[in-house]
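A structural walkthrough
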Amino acid sequence: MRQAGRYMPEYRALRQKYSFLELCHTPEAAVAASMLPIDMLGVDGAIIFSDILIPLEAMGMNLQFDEGKGPILSDPIRSRSEIGRLRAYDANKETRFLPDAVRMLKAELAGRVPVLGFAGAPYTLACYAVEGKTARHYSATKSFMLNDREGFKELLFRFADAAADLLIAQIEAGAELVQLFDTWAGDLMPDEFRAMALPAAAHVIERVKATGCPIVYFVNGVGGKLEDIASSGADVIGIDWRVGLTEVRQRLGQGVVLQGNLDPCTLYARPDVIAARVRDVLAENGRGPHIFNLGHGIMPDVPVAHAKALVDAVKTFGAPGGYA
Ligand code: CP3
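Here's a quick rundown of the structure. (Residues numbered from 1 in each chain as written. Predicted model: local features only at pLDDT ≥ 70, side-chain atom pairs only at ≥ 80, totals over all residues. Heavy atoms only, no water.)

All right, on to the site of the ligand then. Taken together, 22 residues form the shell around the ligand, and within it Gln3, Tyr11, Asp51, Thr183 and His296 come nearest. Taking Gln3, its main chain carries an N or O atom lying 2.6 Å from an oxygen atom of the ligand. Here Tyr11 contributes a side-chain N or O atom positioned 2.5 Å from an oxygen atom of the ligand. A total of 890 Å² of accessible area belongs to the ligand in isolation, and the protein chains cover 89% of it. For the shell around the ligand, the secondary structure elements donating two or more residues are helix H1 (9-17) and strand E3 (70-73). Partitioning the shell around the ligand into residue classes produces 12 nonpolar, six polar and four charged. (Near = heavy atom within 4 Å. Polar contact = N/O pair within 3.5 Å; in protein donor to acceptor, adjacent residues only side chain to side chain. Areas by Shrake-Rupley, 256 points an atom, 1.4 Å probe, with all protein chains shown as cover. Helix = DSSP H or I, 4+ residues; strand = E, 2+ residues; numbered from the N terminus. Nonpolar A, V, L, I, M, F, W, Y, C, P; charged D, E, K, R; others polar.)

Structure below.
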């Protein structure tokens, strides 16, 4: 959930030396960014520093990050005939910097905490490839999906294999758990999610599970789709903050491993309020297996001390019996 990022002065210092994409492309620099939350916050896992859009660049799309504007792909794919522009890519060649960074991070950590890998889920990658940017309504993506069902599925499965290849390369390099980010799939009508986003995500999950590595499936906006998401085959279900864990447990049961789900804006509160909210999430979860996390990415302007207060509260109250 963007452990390393602009809220950290040390990250902003790294960005004086490297553009965002240079950071992703340079293993030494990506490892330095990945280490910041370990050293500064004491989190229990090291997320490799990268971005979900890296495979789109490797498939030949022109990716740029403009300051303050987010990602721009200047040559979006709006129809089935344009899918042919996407090149086949080898995750250990065109994106070799990523498995290299995983190997380097693993050596640097020497077993202190596990390395976590990630990739974008097919529907979310399609949103960026079709819109060319972060959009408000994803209208171009949905028009493509509604008007050419088979063409859109072809695009989704191209990205499913691209994401699976990239996750498997990270696993082979030493990642011990991986997360699939479906940032925009929560915005689909439930039957469209079931027909389009879910089968493509399940394909990625199936390929990853064949390696034996556990996988988290995070959909931003899970509330209306919990049962379908639970059927994806993922080992862990990532939950955003719009639905309470009590309801999630009622619907999915005590045995499902959940990840989440504090509202990222909670980190604007005072440390004592953050601690109280952490307790609330732990209490709502009850006794089921749970990976504490934010419900989505950390905001770029929260104080580092507040992120540290969150980690400390999880360690205090999350210990067995800590909140009972
Ligand atoms: O250290 C870590 O935790 C890994 C970091 C990470 C980044 N991107 C680095 C990043 C992760 C897990 C991602 C995933 C990602 N990237 C997602 C899925 C997660 C989610 O939020 O649902 C998405 C949608 C993207 C695409 C993306 N990358 C956007 C929309 C932006 C712009 C965001 C903004 O606020 O400007 C990025 C840029 C980005 N990716 C930054 C970081 C640290 C900020 C870049 C900078 O330094 O200027």
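Our focus in this paragraph is unusual backbone geometry. For the bond from Gly260 to Asn261, the omega torsion is -10°, close enough to zero to count as cis. Located in the positive-phi region is Ala110, a residue other than glycine, with phi close to 45°. Inspection of the secondary structure assignment puts Ala110 in the loop between helix H5 (97-109) and strand E4 (115-120). Judged by relative accessible area, Ala110 falls into the exposed class, the value being 66%. Even without a glycine there, the phi angle at Tyr138 is positive, about 55°. Here Tyr138 lies in the loop between helix H6 (122-131) and helix H7 (139-147). (Buried < 20%, exposed > 50% of the residue type's maximum accessible area, 1.4 Å probe, protein only.)

This part covers the nonpolar core. Formed by 121 residues in total, the largest nonpolar core has its most connected members in Leu155, Tyr217 and Leu310. When residues in this core are grouped by element, the largest group, 12 residues, is from helix H8 (residues 149-172). Those residues in contact with Leu310, other than ones at most four positions away along the chain, are Leu262, Leu267, Ile274, Val278, Phe292 and Leu294. (Core = buried A, V, L, I, M, F, W, Y, C linked by side-chain atoms within 4.5 Å. Contact = heavy atoms within 4.5 Å.)

As a further point, take the pairing of strand E5 (residues 177-182). Here E5 lies mainly inside the structure; six of its six residues are buried. Burial of E5 is two-sided: the residues Leu177, Gln179 and Phe181 facing one way and the residues Val178, Leu180 and Asp182 facing the other way are all buried. Direction of pairing for E4 relative to E5: parallel, over a ladder of five bridges. Within the sheet, the bridge partner assigned to Leu116 lies in E5 and is Leu177. Where E5 lies against strand E6 (residues 215-219), five bridges are found, and the strand directions are parallel. Its bridge partner lying in E6, Leu180 is registered against Tyr217. On the question of chirality, the crossover connecting E5 to the parallel E6 by way of helix H9 (residues 190-209) is right-handed. (Pairing = 2+ DSSP bridges. Right-handed = clockwise from strand over helix to strand, strands pointing away.)

On to the pattern of salt bridges, then. Two side chains of opposite charge can pair, provided their charged atoms sit close to one another. Following the criterion strictly, the structure yields 22 salt bridges and no others. Salt-bridge contacts for Asp100 lead to Arg96; the nearest nitrogen and oxygen are separated by 3.1 Å. A salt bridge links Arg207 to Asp165; the shortest N-O distance between them is 2.8 Å. Here Arg207 is found in helix H9, whereas its partner Asp165 is found in helix H8, with 42 residues between them in sequence. For Asp165, a relative accessible area of 26% gives the class partly exposed. (Salt bridge = Lys/Arg side-chain N within 4 Å of Asp/Glu carboxyl O.)

Function cannot be read off these values alone, since they describe shape.
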